Amino acid sequence: MKKFNLLLMATLLLATSCYDRREINHLEIVAGIGFDLSNDNQIEVSFQILNAGALGKNASGGLEPYWILQSKGKTTFDAIRKATYTSPNKLFFSHNQVIIISEDLAKQGIRGIMDLWLRDEEPREDTKMTICEGKAIDILKTKLPHGLIPAYEIVNMIEASIVAAYAPIITPIDHRRLTAANIPCTVFGKIVKTSETELEYKGGALVKDDKLVDYLTETETRGYLWLKCKIKDGLIIAKTKDSNIVITLEIIRAKSGFKPVLTKNGQLTFRARADITGRLGEFEDSKSIVDPTAWPGFIEALQETVKEEMRAAIAKATYNNLDFLGLNDSVRKYLPKTFKQLASSWEEIMPLIPFTFEINIQIIGVGMVKKSF
Amino acid sequence: MEGKYPVSSRQVLALIAMFILGTSLLFSLGQELGRHSWLGIITGFIAFLFLFWLYYFLLKLEPGKSLFGLNEQAFGRGLGTVINLWYLIYFFVLLSVVVGNFVDFINSVILIQTPEILLTIFLTLTAAYAVKKGLESIARLSEIMVFCVFTTAIVVTLLLFDKIDTTNFWPLWPQNWALVLRSGFSILTFPFGETVIFLSIFYQLGGPQKVSKGFFWGSVVGVFVLLVIALRNIAVLGEFVKFSTYPAYDSVRLINIARFITRAEVVISLNYMFAGYVKATTVYYSLCLGLKEIFRLKTYQHLVLPIAALVILNAHLSFSTNVQNVFFAFEVYPFFAIIFQLILILATLIMLLIKKQLGRRRPTI
């Protein structure tokens with residue numbers, strides 16, 4: 001009996017569970033996905049697929065490192081599955097890096113895509129998402145001058161946008177988190193094809209519920225990023241009032257955000273605040289600087305720039321009732337009692353709530369030059 | 001095979017902790033509370049302390065007797081057997097639910113194309129094997145595994161440091177306290193109250209002092225890990241914890257340290273396996289033990305396989321989706337389970353106390 005058991009165990013080892021294994025040469029690894037609206041109002045999906053034969057050390061020359069596949073269907077999943085009409089193998093999404101949604105489709109609604117991305121277990125929830133002007137397939141087809149796979153370069157570009165801080169970075173799980181918190185609008189990053197070999201990632205696209213409603217300008221996006229504490233790096237450019245000197249401040253550290261407060265007489269106000277530590281990056285005047293803070297209007301000018309950016313975002317959010325800043329949510333979080341009182345009339349009250357600003361700028365260095373020419 | 005097992009107090013602790021973590025690692029406890037689920041867990045645990053005191057009292061009252069023996073002593077052979085059979089039905093349902101939960105999880109995130117019945121068979125048969133080998137092996141196993149589960153829970157939480165947003169916790173106090181209490185009630189019955197099954201095992205492990213020490217600290221470890229996981233899920237997923245089927249799995253999927261340490265969800269699902277296995281095995285074991293005791297059998301070993309067949313069927317047939325499962329766990333199960341976890345235990349206790357009083361008086365008359 002014991003011998004029989006041992007034999008049974010040994011056989012089990014031979015029969016390990018790879019019966020539905022998928023070998024790498026039978027997979028089409030998707031690097032990037034673009035969603036478009038087709039002419040007959042269906043969903044058109046373009047995949048940028050790695051060409052395994054052209055990658056690696058002993059790659060055969062002449063092959064493109066990626067190829068583009070297109071398919072369409074009634075729903076997102078349908079479109080993705082129908083890709084096998086033309087693809088030699090089943091597509092594999094776990095390594096997908098970026099999702100690009102075209103303007104037209106985003107205007108129709110992206111609920112299907114967002115739902116599929118969280119419901120299915122294969123795609124990752126932390127894939128970067130952007131909305132593009134024009135067609136998504138054109139973005140994927142862009143022949144970037146650097147890198148092998150455009151999708152990977154796009155992701156690098158999106159991640160590098162932190163350095164300039166002119167566009168948000170959004171993933172499906174971020175979007176779901178925001179919608180779960182009843183924030184009606186999400187700001188997606190926007191990608192634009194500027195020429196055959198060039199893409200640009202800046203600005204924001206406002207998605208209300210699941211539809212694209214508006215774009216944010218650069219200033220508005222920047223204000224949004226300030227108020228959401230998403231600026232960690234980047235520049236502040238300002239012009240002093242009297243002497244008209246252009247200053248560029250390089251942000252080293254920044255912490256910003258807003259909070260609702262009740263003033264003594266019971267008035268609801270939002271207090272926006274930013275604590276910025278920076279270094280003088282560029283200074284267009286020939287005088288030597290010993291202490292930048294002593295310059296007349298120096299700090300004030302920088303503060304004014306930040307305030308302007310914040311004001312632009314606030315105006316956009318409150319004027320059109322597109323609460324992408326989560327003003328409503330912040331009241332719910334920090335002043336639950338007030339939230340209950342205001343819940344019914346929130347939409348009328350929101351534009352009237354005053355904002356106060358407190359911008360602290362600390363300059364910790366003037367760089368490696370004492371005096372400009 | 002029965003009698004006194006050389007199980008240490010630390011092994012009891014591990015067993016209890018793993019049992020509590022069992023299926024609750026999988027689901028987010030108090031999910032309906034969203035950002036306040038931690039409050040639900042604390043409420044449930046505080047209520048459990050009362051249950052614990054009750055169980056401890058029962059253990060001390062009649063040391064060396066199992067739950068089934070106590071029931072017979074309290075209600076007599078006839079009614080006692082009926083109640084014991086009810087308990088066995090409860091254990092059986094619990095076991096099928098645990099197995100079903102795990103199969104559902106594996107089937108919806110890891111092995112999607114594998115037929116469900118196959119997973120059920122293998123999970124149940126491995127549990128059956130452990131049950132056949134006795135409690136000692138289960139206890140030893142859980143001693144190692146509780147360490148794994150504990151460390152992973154902490155390490156994974158630390159790895160998610162950059163995804164944590166503490167503003168998700170605000171407002172700290174919920175508006176709807178009734179829902180907190182309701183949720184606390186279902187957390188009391190699942191997982192804490194389920195430790196009632198240990199009453200049918202503990203008598204083999206030693207005196208009530210030693211056992212209840214392990215029991216108490218085991219549940220403390222369990223609730224600690226549950227709290228860490230709940231807080232981490234809220235901090236990472238925000239209000240989305242309400243809508244996710246497996247929130248812990250979802251949050252761990254987000255680990256991404258410099259695009260190098262990613263896809264840690266495998267570790268987490270391994271943890272689920274460990275804890276769920278220990279839980280299934282313990283319930284299974286007490287089910288066999290109960291059958292043996294009620295029908296006055298010599299050993300339980302020959303019962304293990306037939307029960308496995310029943311469990312496989314029941315686990316396979318009970319739920320069609322995991323959402324249905326969660327619905328059952330919140331809407332139906334608490335009211336079913338509280339009968340066995342509190343009401344019957346209380347009745348037994350009262351009957352025993354009355355009988356003791358009468359027995360003490362009788363000689364004096």
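What you see is a predicted model; the values in this text were computed from it and never measured.

1. Considering the overall build of chain A
Broken down by element type, chain A carries twelve helices and 13 strands. Across its three principal directions, the C-alpha atoms of chain A cover 85 × 60 × 60 Å. Counting all 373 residues of chain A, 35% fall into the buried class. Considering only contacts within chain A whose residues lie at least 6 apart along the sequence, 69% involve residues at least 24 apart.

2. Focus on the overall build of chain B
The number of helices and strands found in chain B is eleven helices and two strands. With the C-alpha coordinates of chain B rotated into their principal frame, the extents come out at 80 × 45 × 35 Å. By residue count, 50% of the 365 residues in chain B fall in the buried class. Considering only intrachain contacts with a sequence separation of at least 6, the fraction spanning at least 24 residues in chain B is 83%.

3. Comments concerning the interface of chain A and chain B
Counting residues at the interface gives 13 residues for chain A, matched by 18 residues for chain B. Elements represented by at least two residues in the side of chain A that touches chain B include exactly helix 7 (172-180) and helix 10 (327-334) of chain A. Tallying contributions element by element places helix 7 of chain A first for the side of chain A that touches chain B, with four residues. The residue inventory of the side of chain A that touches chain B, partitioned by class, reads five nonpolar, no polar and eight charged.

4. Quick word on the packing of helix 5 (residues 135-159) of chain B against helix 9 (residues 265-294) of chain B
Residue and element names in this part refer to chain B. Packing of helix 5 against helix 9 brings their axes to within 9 Å, and their N-to-C directions diverge by 150°. On the basis of the axis angle, helix 5 is roughly antiparallel to helix 9. Considering only the axes of helix 5 and helix 9, their crossing is left-handed. In contact with L135, I138, L141, S142, M145, C148, V149, T152 and V156 of helix 5, helix 9 contributes V267, I268, N271, F274, A275, V278, T281, T282 and Y285. Taken together, the residues that form the contact of helix 5 with helix 9 break down as 13 nonpolar, five polar and no charged.

5. So, the environment of B:F224
Within the element layout of this structure, B:F224 appears in helix 7 (residues 208-237). Along the sequence, B:F224 and B:V196 sit 28 residues apart, while their C-alpha atoms lie 20 Å from each other.

6. Side note on the environment of B:P208
All names here are of chain B. You can see P208 is positioned in helix 7. Here P208 falls in the buried class, since 21 other C-beta atoms lie within 10 Å of it. Taking C-alpha positions, P208 is 9.3 Å from L61, a pair spaced 147 residues apart along the chain. Residues within four places of P208 in sequence aside, it is in contact with Y56, L59, K60 and P63.

7. A look at the domain arrangement of chain A
Residue and element names in this part refer to chain A. By domain assignment, chain A separates into domain 1 (24-216) and domain 2 (221-363). Taking only C-alpha atoms, the centre of domain 1 and the centre of domain 2 are 32 Å apart. Listed by partner, the interface residues are 21 residues for domain 1 and 15 residues for domain 2. Of all the secondary structure elements, the ones that give two or more residues to the side of domain 1 that touches domain 2 are helix 6 (150-164), strand 7 (185-195), strand 8 (198-208) and strand 9 (211-216). Split by residue class, the side of domain 1 that touches domain 2 holds 15 nonpolar, four polar and two charged.

8. Topic: helix 6 of chain A
Residue and element names in this part refer to chain A. Helix length check: helix 6, at 15 residues, gives a terminal C-alpha distance of 21 Å against a target of 21 Å (1.5 Å per residue), a fit within 8%. Looking at helix 6, one finds that the buried residues are P150, A151, I154, M157 and I158. A positive backbone phi angle near 55° is found at A165, which sits one or two residues after helix 6.

9. Structural notes on the sheet that holds strand 13 (residues 355-363) of chain A
Residue and element names in this part refer to chain A. Spatially, four strands are ordered 10-11-12-13 in an open sheet, and the strand pairing comes out mixed. One side of each edge strand has no neighbouring strand; the edge strands of this open sheet are strand 10 (235-239) and strand 13. Between one strand axis and the next, the sheet turns by 40° as a mean value, whatever way the strands run. In the sheet, strand 10 pairs with strand 11 (residues 246-262) via five bridges, with the strands oriented antiparallel. Within strand 11, the position partnered with L235 by the bridge is E250. The strands that helix 8 (residues 218-227) touches are strand 11 and strand 12 (268-283); relative to strand 11, the one it contacts most, it runs at about 60°. The strands that helix 10 touches are strand 11 and strand 12; relative to strand 11, the one it contacts most, it runs at about 55°.

10. Regarding the nonpolar core
With 119 residues, the main nonpolar core has B:M18, B:L95 and B:V149 as its most contacted residues. At 18 residues, helix 3 (residues 67-110) of chain B tops the list of elements feeding residues into this core. Apart from residues lying up to four places away in sequence, B:M18 is in contact with B:S142, B:M145, B:V146, B:V149, B:A275, B:V278 and B:K279. A:I29, A:M114, A:I137 and A:I299 belong to the second-largest nonpolar core, a separate cluster that totals 84 residues.

11. Overview of unusual backbone geometry
Between B:W170 and B:P171 the backbone carries a cis peptide bond, its omega angle lying at -10°. Mapped onto the fold, B:P171 is located in the loop between helix 5 and helix 6 (177-189). For A:N41, which is not a glycine, the phi torsion comes out positive at approximately 65°. Positive phi, normally seen in glycine, also occurs at A:A165, with a value near 55°. Within the element layout of this structure, A:A165 appears in the loop between helix 6 and helix 7. With 21 C-beta atoms counted inside 10 Å, the residue A:A165 sits in the buried group.

What counts and what doesn't
Residues numbered from 1 in each chain as written. Chains lettered and ligands numbered in written order. Predicted model: local features only at pLDDT ≥ 70, side-chain atom pairs only at ≥ 80, totals over all residues. Helix = DSSP H or I, 4+ residues; strand = E, 2+ residues; numbered from the N terminus. Buried ≥ 20, exposed ≤ 12 C-beta atoms within 10 Å, placed from the backbone. Contact = placed C-beta atoms within 7 Å. Nonpolar A, V, L, I, M, F, W, Y, C, P; charged D, E, K, R; others polar. Axes fitted to C-alpha atoms, helices over the stretch in contact; angles between N-to-C directions. Parallel < 35°, antiparallel > 145°, perpendicular 65-115°, else oblique. Left-handed = near helix turned anticlockwise from the far one by under 90°. Domains from an automatic or database assignment. Expected span 1.5 Å × (residues − 1). Pairing = 2+ DSSP bridges. Core = buried A, V, L, I, M, F, W, Y, C linked by C-beta atoms within 7 Å.

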